[in-house]
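# Observations on the three-dimensional arrangement
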Amino acid sequence: QVQLVESGGGLVQAGGSLSLSCVASGRTFGNYNMGWFRQAPGKEREFVAAISRSGGITSYADSVKGRFTISRDNAKNTVYLQMNTLKPEDTAVYYCAASAILGRPSSLRDQYQYWGQGTQLSVSS
């Protein structure tokens, strides 16, 4: 079992930046690919970014590519999401997730077994 706790959400103006963190506990953090997803009101939860166990492979949704950066610190059991040039359409609850499935980090929700409670990001225009 892995417990995930996100933090860092808040209200920011369009064009601004914010960093989210997700701290994991319970199992060896380095055994998991990690992902960030988001869910806006009335919409399905969608993939944002993912990172491999070692941090050497990352992937991004097209909507955030070039603006968001995912990273991890296995010594601190933490995955980060640096978000720059934020847009109102980035407003959502952001969730981190852990996947024990071997291979490249996935963009598919059902490949992730553990989820945090989420943190709200609101971007004003």
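Let us look at the structure shown here.

Cut-offs used in this document
- Residues numbered from 1 in each chain as written.
- Predicted model: local features only at pLDDT ≥ 70, side-chain atom pairs only at ≥ 80, totals over all residues.
- Heavy atoms only, no water.
- Pairing = 2+ DSSP bridges.
- Helix = DSSP H or I, 4+ residues; strand = E, 2+ residues; numbered from the N terminus.
- Axes fitted to C-alpha atoms, helices over the stretch in contact; angles between N-to-C directions.
- Phe/Tyr/Trp six-rings, centres within 6.5 Å; stacked < 30°, edge-to-face > 60°.
- Buried < 20%, exposed > 50% of the residue type's maximum accessible area, 1.4 Å probe, protein only.
- Lys NZ or Arg CZ within 6 Å of the ring centre and 35° of its normal.
- Disulfide = S-S within 2.5 Å.
- Salt bridge = Lys/Arg side-chain N within 4 Å of Asp/Glu carboxyl O.
- Lys, Arg positive; Asp, Glu negative; His and termini not counted.
- Polar contact = N/O pair within 3.5 Å; in protein donor to acceptor, adjacent residues only side chain to side chain.
- Contact = heavy atoms within 4.5 Å.

The subject of this paragraph is the sheet that holds strand β1 (residues 3-7). Strand order in the open sheet formed by four strands is β1-β3-β8-β7, and the pairing between neighbours is antiparallel. Edge positions in the open sheet fall to β1 and β7 (68-73), since each of these has one partner strand only. Going across the sheet, the axis of each strand differs from the next one's by a mean of 15 degrees, ignoring polarity. Of the pairings in the sheet, the one linking strand β3 (residues 18-25) to strand β8 (residues 78-83) comprises six bridges and is antiparallel in character.

It is worth spelling out the packing of aromatic side chains at this point. Going through the model one piece at a time under the given rule, you end up with five aromatic pairs. Here the aromatic rings of Phe37 and Tyr112 are separated by 5.2 Å at their centres, their planes lie at 75 degrees, and the arrangement is edge-to-face. On the criterion of sequence distance, the pair formed by Phe37 in strand β4 (residues 33-39) and Tyr112 in the loop between β9 (92-99) and β10 (114-115) is long-range, its members being 75 residues apart. There is no split in this pair, since Phe37 and Tyr112 are both buried. Three or more aromatic residues joined by ring pairs make a cluster, and in this case those are Phe37, Phe47, Tyr112 and Trp115. The ring of Trp115 carries Arg45 above its face, with NZ or CZ at 5.0 Å from the centroid.

This paragraph deals with the state of the cysteines. Taken as a whole and assessed by the stated rule, the structure comprises one disulfide. Paired by a disulfide, Cys22 and Cys96 hold their sulfur atoms 1.9 Å apart. With Cys22 in strand β3 and Cys96 in strand β9, the pair connects residues that are 74 residues apart, well separated along the chain. The class for Cys22 is buried, based on a relative accessible area of 0%. Owing to a relative accessible area of 0%, Cys96 belongs among the buried residues under this scheme.

All right, on to the pattern of salt bridges then. This model, assessed by the stated rule, comprises five salt bridges. Salt-bridge contacts for Glu46 lead to Arg38; the nearest nitrogen and oxygen are separated by 2.7 Å. Residue classification places Glu46 among the partly exposed residues on the basis of a relative accessible area of 36%. In this structure Arg38 comes out as buried when scored by relative accessible area, which is 6%. Measuring nitrogen to oxygen at the nearest pair gives 3.2 Å for the salt bridge that ties Lys65 to Asp62.

Quick look at the side chain of Glu6 now. When you line up the elements, Glu6 lands in strand β1. Buried within the structure, Glu6 lacks any salt-bridge partner; its nearest side chain of opposite charge belongs to Arg45, at an N-O separation of 7.3 Å. Polar contacts involving the side chain of Glu6 include one to the main-chain amide nitrogen of Cys96, which spans 2.9 Å. A polar contact is formed between the side chain of Glu6 and the backbone nitrogen of Gly118, at a distance of 2.8 Å. Setting aside residues no more than four positions away along its own chain, Glu6 makes contact with Ser21, Cys22, Trp36, Tyr94, Tyr95, Cys96, Gly116, Gln117, Gly118 and Thr119.

So far we have only geometry, and geometry alone does not tell us how the molecule works.
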